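# Residue-level structure breakdown
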Amino acid sequence: MRINEEIHIREVRVTSAEGEQLGIMLTRDALRMAEEQHLDLVEVAPKAKPPVCRIMDFGKFRYEQQKREKEAKKKQKTISIKEVKLRPNIDEHDFNVKLKNALRFVEEGNKVKVTIMFRGRELSHPELGRAVLDRVAERMTDLVTIERGAKLEGKNMTMILSPKVQKPTKTVKPAKEDKGGNGDAEN
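Residues numbered from 1 in each chain as written. Predicted model: local features only at pLDDT ≥ 70, side-chain atom pairs only at ≥ 80, totals over all residues. Heavy atoms only, no water.

## Digging into the pattern of salt bridges
All chains considered together, the criterion is met by eight salt bridges. Between R32 and D29 there is a salt bridge; the shortest N-O distance is 3.1 Å. Linking R32 with D29, this pair stays in helix α1 (residues 27-36), spanning three residues, or about one helical turn. Residue D29 is classed as partly exposed on the basis of its relative accessible area, which comes to 27%. In this structure, the salt-bridge partner of R148 is E153, at a minimum N-O distance of 3.5 Å. Look at R148 and you get partly exposed, because its relative accessible area is 30%. Using a relative accessible area of 35% as the deciding quantity, one classes E153 as partly exposed. Each member of the salt-bridge network shares a partner with another, and the members are E92, R135 and R139. (Salt bridge = Lys/Arg side-chain N within 4 Å of Asp/Glu carboxyl O. Helix = DSSP H or I, 4+ residues; strand = E, 2+ residues; numbered from the N terminus. Buried < 20%, exposed > 50% of the residue type's maximum accessible area, 1.4 Å probe, protein only.)

In structure tokens, the structure reads:
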């Protein structure tokens, strides 16, 4: 935005601080009018014919604009990728604990990267890791979509899951089913 002496157009359409139209006038007359009120002349619509300028307190305007941007930033939800690391020969209880953490991450709205770490000879049997990833995907099928399928990268096999976009009532139901599912696995 250009203010005061930065405005080099000969004629501008001027609006007052209250929003009323003052009409088309020479820029120097508009500047003089703004100075008399101890305010600034701010170009708000430079592409209009003639450009539109408003008489306002620019410092106050900029402060309120920054305040609005800060509030909007607070309300923004940032999606991050959380990681759950597993081994190809993981026990059932450990698997359930890791699955519970992954479900919690998904319910918070984050993406989940499920990593199977291979060591030594385990690398010669990638199908075991793929089976564990398939179990994770099968258990979480109601809540997630598979963004990237199982892929072997070096000594790790990874899969990325992202939360399904659903109505809030549907999101609550699978969470209750999950708790019941974990209770069945412990019995």
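## Points about unusual backbone geometry
A cis geometry characterises the amide bond from K49 onward to P50, with omega recorded as -15°. Although it is not a glycine, H38 adopts a positive phi angle of roughly 60°. Mapped onto the elements, H38 comes out in the loop between α1 and β3 (40-45). Under the relative-accessibility criterion, H38 is labelled exposed at 72%.

## Quick look at the sheet that holds strand β6 (residues 111-117)
Spatial strand order, β5-β6-β8-β7: four strands in an open sheet with mixed pairing. Taken across any chain shown, the strands that pair with only one partner, and hence form the sheet edges, are β5 (81-86) and β7 (144-153). Here the strands of the sheet are splayed against their neighbours by 20° on average, with no regard to which way each runs. Helix-sheet contacts for helix α4 (residues 126-139) involve β5, β6, β7 and β8 (156-163), and the interaxial angle to β8 is about 10°. (Pairing = 2+ DSSP bridges. Axes fitted to C-alpha atoms, helices over the stretch in contact; angles between N-to-C directions. Contact = heavy atoms within 4.5 Å.)

## Notes on the nonpolar core
Formed by 23 residues in total, the largest nonpolar core has its most connected members in L86, V112, V114, I116, V136, M140 and L161. Of all elements in the fold, only β5, α3 (92-107), β6, α4 and β8 reach the threshold of two or more residues within this core. The greatest single-element share of this core, amounting to six residues, is contributed by α3. The residues touching L161, leaving out its near neighbours within four places in the chain, are K111, V112, V114, V136, M140, V144, T145, I146 and E147. Counting residues in hydrophobic clusters, the runner-up holds 10 residues, among them V12, V14, L31 and I55. (Core = buried A, V, L, I, M, F, W, Y, C linked by side-chain atoms within 4.5 Å.)

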